[in-house]
Amino acid sequence: MAGKRCIRCLWESDIQWKARSQFIETWKNHYSEERLAALSMVWANMKFLGCRYPSKTEELVKELEAKGPRISLPDKSVKKPKPLIGNFTIYEPKEGDESTNNNPVSILNESAQKSKKTISFEDLGFTEKTSLYSCAVIIADKLIAAGEGPGKKQAKRIAAEKALEILRACQPVKRIGPTSQQHQTAACVSKTDLVSKAYVTAPIISDDNIGNQLLRKMGWTGSGGIGKDCQGRTEPVMAVGTDRKFGLGCNPTQGADVTKGSVQDVLLSFISGADQQIKFSNELSKEDRALIHTISQRYGLKHRSYGKGQERYLVVSKD
């Protein structure tokens, strides 16, 4: 009897599962359950779906097939399994595309965006029995796969890998080329632009403001700078929240937060403009990018981060 990891997948037909079970039964005493599950899936994908894998992997699977008893296969009239999710395409980068961090979570998120499907990674909590965290992948309100790992981040990645393995076998896959060059001409928004946006849109001090009235009594006419020779600043002094330990006259671009309002202003201007893409520079923090992702999704815009580490930047597009 095969181990608990070697279970039937949701998309497998009776014939496919019967054939893969024979492969598992043949080699169950030679490989660990997890390794055997992976090898049997590779073999089934090659035989039934025409999938390709690295040469060393294919050679190993072919060798195991040759050494084992002959496994009866259906004729080639067997059709590809019915898609689990209607109108859902997997968008994967072509080999050699290093312009983005191509982890399974990113691939699933982008595929869901382009296919206009909802996606969520549900934290299932910590299991004391296994000392592992669990995570489930849900797309279009369907549970696709679940995974376990020593931490929440690892569990999420493992769940995404399992979901991709299942979806590749029954959903169409589209390879997309390198993207780094496509963003070179996109208008770029810096953190300074976003932070300064709040200052540009700050309310004008009214004539009945006490500070305004005091300055006028001292000779200020309401225009130009303050002082005998009008050499002073012409705009009001802005204050940054004291929780960040900034006070009057601070440089708003040094350490200040990107605000929801400034992001909304930039995105609304982008939506009404002619540009199809806009790029947010790599000086933005992870938290800044998360805010832009959230607001972009609310406006129905495509959004994705590219690059790694300090070179990571975010692109928002209309299609």
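Quantities reported herein were computed from a predicted structural model and do not represent experimental measurements.

## Observations concerning the confidence of the model for the protein chain
1) Next: Mean pLDDT for the protein chain: 80, with 76% of residues reaching 70 or above.
2) Next: Looking across the protein chain, the model is least confident in helix H6 (residues 191-200), with a mean pLDDT of 72, and most confident in strand S3 (residues 132-139), with 94.
3) Next: Residue range residues 240-245 is modelled with pLDDT below 50. Its contacts to residues more than four positions away, or to other chains, number eight contacts.

## Notes on the side chain of Arg20
1) Next: Structurally, Arg20 can be placed in helix H1 (residues 14-27).
2) Next: In this structure Arg20 touches Ile7, Arg8, Cys9, Glu12, Ala37, Ser40, Met41, Trp43 and Ala44, once residues within four positions along its chain are discounted.

## Observations regarding the pairing of strand S4 (residues 142-149)
1) Next: With seven bridges joining them, S3 and S4 adopt antiparallel strand pairing. Residue pairing across strands places Val137 opposite Ala145, the latter belonging to S4.
2) Next: In sequence, S3 turns back onto S4 through a hairpin of two residues, with Ala140 there showing a positive phi of about 55 degrees.

## Looking at the nonpolar core
1) Next: Counting 25 residues, the largest nonpolar core has Trp11, Ile85, Phe88, Leu108, Ile139 and Leu167 as its most contacted members.
2) Next: Within the residue set of this core, elements represented by two or more residues are helix H4 (104-115), S3, S4 and helix H5 (152-168).
3) Next: In this view, Ile85 contacts Lys117, Ile139, Ala140, Lys142, Ile144, Leu167 and Gln171; residues no more than four positions away in its chain are not counted.

## Here's the deal with the environment of Trp11
1) Next: Summarising the element assignment, Trp11 is placed in the segment before H1.
2) Next: Distance in space between the C-alpha atoms of Trp11 and Ile166 is 7.5 Å, their sequence separation being 155 residues.
3) Next: Leaving out residues up to four positions away in the same chain, Trp11 has contacts with Gln16, Met41, Asn45, Pro81, Ile166, Ala169 and Cys170.

## Considerations on the sheet that holds strand S2 (residues 119-127)
1) Next: The antiparallel open sheet is built from three strands, whose spatial order is S2-S3-S4. The open sheet has two edge strands with one neighbour each: S2 and S4. Here the strands of the sheet are splayed against their neighbours by 20 degrees on average, with no regard to which way each runs.
2) Next: Against the sheet, H4 makes contact with S2 and S3, and its axis sits at roughly 145 degrees relative to S2, the strand it touches most.
3) Next: Contacts from H5 reach S2, S3 and S4, with the element oriented near 135 degrees to S4.

## Topic: the pattern of salt bridges
1) Next: Taken as a whole and judged by the stated rule, the model has 10 salt bridges.
2) Next: Notably, a salt bridge pairs Glu63 with Lys67, separated by 2.8 Å at the nearest N-O pair. Within this pair, Glu63 and its partner Lys67 are both found in helix H3 (residues 55-67), separated by four residues, close to a single helical turn.
3) Next: As a salt-bridge pair, Asp123 and Lys152 come within 3.5 Å of each other at their nearest N and O atoms. A residue pair is termed long-range when its members are at least 10 positions apart, and Asp123 in strand S2 and Lys152 in helix H5 qualify at 29 residues.
4) Next: With a relative accessible area of 45%, Asp123 lands in the partly exposed category.
5) Next: Ionic contacts of the salt-bridge type, sharing partners, join the residues Glu110, Lys114 and Arg304 into one network.

Quick notes on the rules
Residues numbered from 1 in each chain as written. Predicted model: local features only at pLDDT ≥ 70, side-chain atom pairs only at ≥ 80, totals over all residues. Heavy atoms only, no water. pLDDT = per-residue confidence, 0-100. Helix = DSSP H or I, 4+ residues; strand = E, 2+ residues; numbered from the N terminus. Contact = heavy atoms within 4.5 Å. Pairing = 2+ DSSP bridges. Core = buried A, V, L, I, M, F, W, Y, C linked by side-chain atoms within 4.5 Å. Buried < 20%, exposed > 50% of the residue type's maximum accessible area, 1.4 Å probe, protein only. Axes fitted to C-alpha atoms, helices over the stretch in contact; angles between N-to-C directions. Salt bridge = Lys/Arg side-chain N within 4 Å of Asp/Glu carboxyl O.

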